[in-house]
Amino acid sequence: MLIWPATRFVAGESREEALAVARELNEEGVLVSLDLLGENVTDRDRAAGFRDAYVELVGGIGAAGVDANISIKLSMLGLDIEQALARDHVITILQAAAEHDTWVRIDMEGSPYTQMTLEVFHEVFEEHPNVGVVIQSMLRRSRDDVERLIDVGARVRLVKGAYKEPAPLAFQEKERVNEEFDRLAERLLDDGVSPAIATHDQDRIDHALRYVTDRGIPADRFEFQFLYGMRRKTRRSLVERGYRMRVYVPFGEEWLPYFTRRLRERRENVLFVLKTLTRR
Ligand code: FDA
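Residues numbered from 1 in each chain as written. Predicted model: local features only at pLDDT ≥ 70, side-chain atom pairs only at ≥ 80, totals over all residues. Heavy atoms only, no water.

Where do I start with the overall build of the protein chain in this structure?
Summing up its helical and strand segments, the protein chain has 10 helices and 8 strands in all. At 18 Å, the protein chain has a C-alpha radius of gyration in line with the 19 Å of a compact globule built from 280 residues. Expressed along its principal axes, the backbone C-alpha trace of the protein chain runs to roughly 50 × 50 × 40 Å. A buried classification covers 52% of the 280 residues belonging to the protein chain. Look at the contacts in the protein chain between residues 6 or more apart in sequence, and 70% of them connect residues 24 or more apart. For the protein chain, the exposed area adds up to about 13,300 Å²; of that, 48% sits on carbon and sulfur atoms. Between the averaged position of the 41 positive side-chain charges in the protein chain and that of its 48 negative side-chain charges there is a distance of 7 Å. (Helix = DSSP H or I, 4+ residues; strand = E, 2+ residues; numbered from the N terminus. Rg over C-alpha atoms; globule rule 2.2 N^0.38 Å. Buried < 20%, exposed > 50% of the residue type's maximum accessible area, 1.4 Å probe, protein only. Contact = heavy atoms within 4.5 Å. Areas by Shrake-Rupley, 256 points an atom, 1.4 Å probe, with all protein chains shown as cover. Lys, Arg positive; Asp, Glu negative; His and termini not counted. Charge placed at Lys NZ, Arg CZ, Asp CG, Glu CD.)

Written out as structure tokens, the structure reads:
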């Protein structure tokens, strides 16, 4: 059962609850990406089960008429078993998404998955353009990856990266990760297709805002993205100023690891939970 302070960061356990949250966000002028929470799968039946759940989710989006796409994780679709298996499941999901006039973002996981995830992305993108991917500014390889994604006209969500990575693969200093974020954001804002600037970091948001203002890049050419429950005032203010904003809305029975990550990430999130608990 979803415990109550977690409802700040997780929409619920069921698809219906997630769709209800998506509808509320749409009413505030906010776009949505629904994320079914789950962990790495090492069993073919479970991978097929997640594929079916994603297919039902895009069906739910179509039936509910909400403005949402979905975010998927390849490790939930069997990437640990066989890359081709995950790829085939992605294709099934993309076909279902196209039928319901929506699209799919492939989340980026830890560095053991980066190459495989990008390979699957490029392979399916050729025939199924309703798919986007994620780039992490902490990874040293990301500059090259971004150039290739720009070349093929792919939709990229830019994030700093949520996983602890070794120095040979990733910048370790926060300042460097931030600098790379700004640099990659500039490249995507200049030449990318509907890039998503996904960060809660005000300095990064301000950098992007200054850049688009200086260059005269129209507000409908990119979007900001926040996680559900984060920076709600800023979210509102960006929407009021005419910027596109998408909120990543996680849901599902396997919510505990995600909720714990949000608490670990930021002291204020722990304070929020303590405050709501003592208020009851
Ligand atoms: P960070 O946590 O680095 O914060 C930097 C500064 O921002 C803080 O010091 C503070 O000044 C300010 N700040 C942060 N939160 C604030 C708040 N709530 N209120 C006020 N100020 C605040 N990762 C990944 O590896 N793969 C993925 O696919 C995704 N997908 C994804 C989607 C979306 C929509 C988002 C927003 C994020 C992801 N991530 C992700 C997670 C991402 O990589 C990263 O771990 C988190 O977003 C945290 O980094 P931030 O850039 O938000 O700022």
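From this point, things continue past the structure.
Before we go on, may I ask you to explain the sheet that holds strand β5 (residues 155–159) in this structure?
Strands belonging to one sheet form pairs held by backbone hydrogen bonds; the direction of such a pair is parallel or antiparallel. Strand order in this closed barrel of 8 strands is β1-β2-β3-β4-β5-β6-β7-β8, and the pairing throughout is parallel. Strand after strand, the sheet turns through a mean of 30 degrees between neighbouring axes, direction not considered. Two strands pair when backbone bridges link them, and strand β4 (residues 131–136) and β5 are joined in this way by 5 bridges, in the parallel orientation. Residue Gly132 lies in a different strand from β5, and its bridge partner there is Arg155. Across the sheet, helix α3 (residues 83–99) lies against β2 (68–72), β3 (104–106) and β4, angled at about 155 degrees from β3, the strand it touches most. With respect to the sheet, helix α4 (residues 114–125) is in contact with β3 and β4, its orientation differing from that of β4 by roughly 155 degrees. (Pairing = 2+ DSSP bridges. Axes fitted to C-alpha atoms, helices over the stretch in contact; angles between N-to-C directions.)

What exactly am I supposed to notice about helix α6 (residues 174–191) here?
Think of an α-helix as 3.6 residues a turn; residues three or four steps apart then line up on the same face. Look at α6: 26 Å from first C-alpha to last across 18 residues, which is about the 26 Å you get at 1.5 Å a residue. Those residues of α6 that sit buried are Val177, Asn178, Glu180, Phe181, Asp182, Leu184, Ala185, Leu188 and Leu189. (Expected span 1.5 Å × (residues − 1).)

Explanation requested: the site of the ligand in the structure shown.
Around the ligand, the structure places 22 residues, and the nearest of them are Met108, Gln136, Lys160, Gly161 and Thr199. In the environment of the ligand, an oxygen atom lies 2.9 Å from a nitrogen or oxygen atom belonging to the backbone of Ala162. Arg231 is positioned such that a nitrogen or oxygen atom in its side chain is 3.3 Å from a nitrogen atom of the ligand. Look at the ligand: alone it shows 960 Å² of surface, and the protein chains cover 78% of it. Only β4, β5 and β7 (223–227) provide two or more residues apiece to the shell around the ligand. At 3 residues, β7 tops the list of elements feeding residues into the shell around the ligand. Residues that form the shell around the ligand fall into these classes: 10 nonpolar, 5 polar and 7 charged. (Near = heavy atom within 4 Å. Polar contact = N/O pair within 3.5 Å; in protein donor to acceptor, adjacent residues only side chain to side chain. Nonpolar A, V, L, I, M, F, W, Y, C, P; charged D, E, K, R; others polar.)

Help me understand the pairing of strand β1 (residues 31–36) in this model?
For a regular strand, side-chain orientation follows a simple rule: the groups alternate between the two sheet faces. In terms of residue burial, β1 counts as a mostly covered element, since 6 of its 6 residues are buried. Of the pairings in the sheet, the one linking β1 to strand β8 (residues 245–251) comprises 6 bridges and is parallel in character. When the sheet's bridge partners are listed, Leu36 is paired in β8 with Phe251. Looking at chain direction, β1 and β2 are connected through 4 bridges and run parallel. Considered in β2, the bridge of Leu34 is made with Ile70.

I'm lost on the packing of helix α1 (residues 15–27) against helix α2 (residues 44–64) in this one. Help?
Helix-helix packing: each pair is described by the crossing angle between the helix axes and the interaxial distance. Between α1 and α2, the shortest axis-to-axis distance is 11 Å and the interhelical angle comes to 45 degrees. As the angle between them shows, α1 and α2 are arranged oblique. Crossing angle aside, the handedness with which α1 passes α2 is right-handed. Between α1 and α2, the residues in contact are Arg15, Leu19 and Arg23 and Glu56, Leu57, Gly60, Ile61 and Ala64, respectively. Its residues assigned to classes, the contact of α1 with α2 shows 4 nonpolar, 1 polar and 3 charged. (Parallel < 35°, antiparallel > 145°, perpendicular 65-115°, else oblique. Left-handed = near helix turned anticlockwise from the far one by under 90°.)

I'm lost on the pairing of β7 in this one. Help?
Most of β7 is tucked away: 5 of the 5 residues are buried. Where burial is concerned, the two faces of β7 agree: the one with Glu223, Gln225 and Leu227 and the one with Phe224 and Phe226 are both buried. Judged from the 3 bridges that link them, strand β6 (residues 193–198) and β7 form a sheet pairing that is parallel. In the sheet register, Ile197 faces β7, and the bridge partner there is Phe224. Each parallel crossover has a hand, and for β6 linked through helix α7 (residues 202–215) to β7 it is right-handed. As judged from the 4 bridges shared by β7 and β8, these two strands associate in the parallel manner. (Right-handed = clockwise from strand over helix to strand, strands pointing away.)

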